[in-house]
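# Structure assessment
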Amino acid sequence: GTIQTHMNRYDEAINYYLKALQINPNDTATLANIGQAYLKSDQAQKAVVSLYRAAELDNGNADRFNMLGQAYLSAKMLPDAVEAFKRAIELRSDRAVYHFNLGEAYRIAEMTEQARNEFDLALNGKVDTADENFNRGRIYFRRGMYQEAINTYHRSLWQYDTKYDKAQVHLTLGQTY
């Protein structure tokens, strides 16, 4: 399933994950992977079910709650998304991406002050991945800090390994310049 997901063959990946779940229905990694495949194939409700189960079984894993929050956000279940992101932050408050995602949920819910606070925390949090650098660039851009945004987008560009992700960064860079 993982190989199929990396090849953007989400329906095939889902089928493999479903077979794996028949063998072990409580495997949290498989539940998380199928949830992500559902998300990428625009099946947010199914993603919520799988990721909720993964978070329930692995309730000390911040990434599980972050993924669940993303599924809730995609399903337009804002209060649930906020709670899931808050739980991820309770477990790992140093991760910038969790604060960014909570900030996005607040922004969508038009809770401006809470969103601003979470984005501030995201700017000061630990950044390990290309997505986290890209998100940090988005915060700088929204605040009119264009040079910081450009520098951060460049960092994410160096970290991404797929043409699609790099194309997204180039598009965003072009819009920023």
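Before reading on, note that the structure itself is shown above.
Scope of this entry: the structure provided in the associated data block.

Reading guide: rules and limits
- Residues numbered from 1 in each chain as written.
- Predicted model: local features only at pLDDT ≥ 70, side-chain atom pairs only at ≥ 80, totals over all residues.
- Heavy atoms only, no water.
- Phe/Tyr/Trp six-rings, centres within 6.5 Å; stacked < 30°, edge-to-face > 60°.
- Helix = DSSP H or I, 4+ residues; strand = E, 2+ residues; numbered from the N terminus.
- Buried < 20%, exposed > 50% of the residue type's maximum accessible area, 1.4 Å probe, protein only.
- Lys NZ or Arg CZ within 6 Å of the ring centre and 35° of its normal.
- 1 Å grid on protein atoms, 1.4 Å probe; cavity = no way out; pocket = protein on both sides within 12 Å on 5 of 7 lines; lining within 4 Å.
- Points joined across faces, edges and corners; volume = space filled by probe spheres on them.
- Nonpolar A, V, L, I, M, F, W, Y, C, P; charged D, E, K, R; others polar.
- Expected span 1.5 Å × (residues − 1).
- Contact = heavy atoms within 4.5 Å.

### Considering the packing of aromatic side chains
Counted by the stated rule, this structure contains three aromatic pairs. Arranged with centres 5.5 Å apart and planes meeting at 45 degrees, the rings of Phe-100 and Phe-119 form a pair that is tilted. Taken as a pair, Phe-100 in helix 7 (residues 96-108) and Phe-119 in helix 8 (residues 112-124) lie far apart in primary sequence, 19 residues in all. Of the two residues, Phe-100 and Phe-119, neither departs from the other in class, the shared state being buried. Taking 5.4 Å as the distance between ring centres and 40 degrees as the angle between the ring planes, the aromatic pair formed by Phe-134 and Tyr-153 counts as tilted. With Phe-134 in helix 9 (residues 130-142) and Tyr-153 in helix 10 (residues 146-159), this residue pair connects regions lying 19 residues apart in the sequence. This pair shows no difference in class: Phe-134 is buried, exactly as Tyr-153 is. Over the face of the ring belonging to Tyr-16 we find Lys-19, whose NZ or CZ atom lies 5.7 Å from the ring centre. When the ring centre of Tyr-98 is taken as reference, the NZ or CZ atom of Arg-95 above it lies at 5.6 Å.

### Re the layout of surface pockets
Remark: the empty space left among the atoms is shown by a probe the size of a water molecule rolled over them. Volume-wise, the second largest pocket comes out at about 180 Å³. Those elements giving two or more residues to the lining of the second largest pocket turn out to be helix 8 and helix 9. Ranked by residue count, the leading element in the lining of the second largest pocket is helix 8, at four residues. Looking at side-chain class alone, the lining of the second largest pocket contains three nonpolar, one polar and five charged residues.

### Observations concerning helix 4 (residues 44-57)
Along its 14 residues, helix 4 runs 20 Å from first to last C-alpha, staying within 8% of the 20 Å computed at 1.5 Å per residue. All buried positions along helix 4 are accounted for by Ala-44, Ala-47, Val-48, Ser-50, Leu-51, Ala-54 and Ala-55. Residues of helix 4 that are buried in the fold lie against helix 3 (28-40) and helix 5 (62-74).

That's the geometry; what it means functionally is another story.
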